[in-house]
Amino acid sequence: MINLESNIQYVKGVGDKRAQQFAKLGIYTVKDLLCFYPRNYQNWAGAMTVQCAPDGEKAAVRAKLVSTVAEHRVRRNMTLYKCDFSDGQCIIHVTLFNNKYLAGSLQLGREYILFGKIEKTLTGASMSAPELENAQSGAGIHPIYRASGTLNSKAIARVVKNALDDLPAFEETLPGSVLNQYNLAPLDFAVRQVHFPTDFGSLEKARHRLIFEELLVLLLGLLTLRGKKKSDAAPRVKTDYSAEFLKLLPFEMTSAQKRAVAQCVADISCRFPMNRLLQGDVGSGKTAVAAAVIYSVAKNGFQSALMAPTELLARQHYETFQRFFAGTGITVCLLTGSTPAKEKREAKDKLMHGEISLAIGTHALIQNDVEFKNLALVITDEQHRFGVKQRANLAEKGTDVHTLVMSATPIPRTLGLIIYGDLDISVLDEYPPGRREIRTDVVNSSYHKRIYKFIRAAVERGEQAYIVCPLVDEGQGELHSANEYAAALAAGGLRGINIGLLHGKMKPKDKEKTMRAFAQGDIKVLVSTTVIEVGIDVRNATVMLIENAERFGLSQLHQLRGRVGRGDRASYCILVSDSKSAAAAERLGVMKKYSDGFKIADEDLKQRGPGDFFGSRQHGLPQLKIADMLSDIETLRLCRAAADEILKRDFALSLPQHRGLKAAVLNMFQNAVGN
């Protein structure tokens, strides 16, 4: 008998060869299989007559085979099989394509259920390549799974059914109090019904139960991993030096920046560890806030660490903080994968002996051989680019350290309060003086000639431009390909201008080289995929052209727009779209109307767009199997209340009734390490 941890190859109907096909879907164990939920369902339960079925739409019809199957060889590799069915009132002409096995299995006079698109005529109806099953065994609600290669949905469904038939009842993971309070179905019912529902009411109950548990486990993991630490032994900053630091700046901080600095300093002056999220649009001044806090930490004799997602961004931070702290006696080092070995050894030695106040770097900061003498503050920039575990590993370089996570990805306030409810939140909702609003226009592709002329004029003025495409290679419809587009521009619209190309398939070293050339002004126009969404500060870039803009989510478009307008020159964002969709027009209209990232995020939530601003992978969260952060927000609210109640009584999840939840949390976040 199999169990949840059994290899998928031991399920009836799998074997070694098919197990390799399942592996391509990320399915290795029976548990993986059962968590591979249907993406949709077909209703074969209420099979109808042709008269009741909608014309030109897919439906299930119950009918009897009333003619023999006729074979017609049309050409090589194409054979048609034609036959007639009757629902008692109407004749249905059916055509099957290259399906000799199915055609040979049909029996005259037997009743079947046919599922497919029905085309009605004056004398009857026709169906091309419908799915067919015996009326007795085929009736019901059919699960539809994401297929891969030769592993189609029906094959997956058969294997899931075999697994469920061979497994005993599932042990309950939620406490009885939670099941009763939130009116949740038992786990065994939920798992079996979500794959093979007896009716849509049972399916809804099953999905609600599984979504609730997944979100509850997620929140329990976040709340316990991110802290709510009971420790009262955090390093305490006794003197506030932020006023001294502000005098060193060549500019005046905004009220929002000053408020954020004061909040952070108040936190790190307490004996409890700070756990704060600093949110603000690109260009709102998060780096200056971090510098002010680091200044006070350093002047009090403690060390800080700042982790950035890329080497280029880490180097930019290093150069910025060097300028901020020039002449103050605060020492800064840079640790990345490409830092020369000798420099690394010296930096690590000085960090260990407390001779360096601030370490800036990439993942290199969390290597085992990096030690600090008295680390008090850890900061992660663009925090959604790091996994929860990676951020925790940095914090573990000290004891009960203060944590500041910075994000330029606006998250809807309603969602942020639920997910980040255990963090104090500082929001930078003002722009520094002199920062201009970016003019945004939405046009169709007929404007290309004018746009290229506009970009050429900008380059001649000494400015630079980004052009963003949704694809890298040709061959996916009419969407612009970054490779093909860059080549076409170099030979046509922008001939004579130095054009660079950047995309996710490039080696990290080549990406860094290209971005550095653009930052230094050697490349005038950068054609890129969305890898520049989180990039470095190129103050000379004034034009952002986004092709096929309807393909991007609102918050992603806002992030891309934030790549320009970093200097004191007028800047422009041009969204090109030929989509006729009203929804796409509405979304792009939001971009033209608003410049505030938080308003845009709220609109994104209202419209329930792609949700790219909170994609699990982007934010370092575990990948969700069935829940959705946007459509299940009401359930998320309930789960937050349930998680708070559970942790209030049993923070370590050590009580017997929480054993299943604790195991689920450990499993979910262990698998999220690489996010």
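That block above? That's the structure.
Residues numbered from 1 in each chain as written. Predicted model: local features only at pLDDT ≥ 70, side-chain atom pairs only at ≥ 80, totals over all residues. Heavy atoms only, no water.

Caption draft 1: The environment of Lys350, seen in detail. Note on placement: Lys350 falls in helix 13 (residues 341–352). For Lys350 and Glu371, which are 21 residues apart along the polypeptide, the C-alpha to C-alpha distance reads 9.5 Å. When neighbours within four sequence positions are excluded, Lys350 is seen to be in contact with Glu355 and Ile356. (Helix = DSSP H or I, 4+ residues; strand = E, 2+ residues; numbered from the N terminus. Contact = heavy atoms within 4.5 Å.)

Caption draft 2: Quick peek at a negative patch on the surface. A contiguous patch of negative charge, built from Glu343, Glu346, Asp349 and Glu355, is present on the exposed surface. Tracing the sequence through the fold places Glu346 in helix 13. (Patch = residues over 30% accessible without salt bridge, like charges linked within 9 Å, V, L, I, M, F, W, Y side chains within 5 Å. Areas by Shrake-Rupley, 256 points an atom, 1.4 Å probe, with all protein chains shown as cover. Salt bridge = Lys/Arg side-chain N within 4 Å of Asp/Glu carboxyl O. Lys, Arg positive; Asp, Glu negative; His and termini not counted. Charge placed at Lys NZ, Arg CZ, Asp CG, Glu CD.)

Caption draft 3: Representation of the pattern of salt bridges. Tallied over the full model, the rule gives 20 salt bridges. Residue Lys154 pairs with Glu133 through a salt bridge whose shortest N-O separation is 3.8 Å. A residue pair is termed long-range when its members are at least 10 positions apart, and Lys154 in helix 5 (residues 153–166) and Glu133 in strand 9 (residues 131–134) qualify at 21 residues. By relative accessible area, Lys154 is classed as partly exposed at 33%. Lys161 serves as the salt-bridge partner of Asp165, at 3.2 Å between the closest nitrogen and oxygen. Within this pair, Asp165 and its partner Lys161 are both found in helix 5, separated by four residues, close to a single helical turn. (Buried < 20%, exposed > 50% of the residue type's maximum accessible area, 1.4 Å probe, protein only.)

Caption draft 4: View of the sheet that holds strand 20 (residues 499–502). Ordered by their spatial adjacency, six strands build an open sheet running 18-23-22-19-21-20, and the pairing between neighbours is parallel. With partners counted over all chains shown, the strands left at the sheet margins are strand 18 (439–443) and strand 20, one partner each. Across this sheet, the average inter-strand angle for adjacent strands is 15 degrees, counted without regard to direction. Note that strand 19 (residues 464–468) and strand 21 (residues 525–528) share four bridges and pair parallel. Bridging across to strand 21, Ala465 finds its partner in Val525. The sheet contacts of helix 17 (residues 482–491) involve strand 19, strand 20, strand 21 and strand 22 (541–546), and relative to strand 20 the element is tilted by about 180 degrees. (Pairing = 2+ DSSP bridges. Axes fitted to C-alpha atoms, helices over the stretch in contact; angles between N-to-C directions.)

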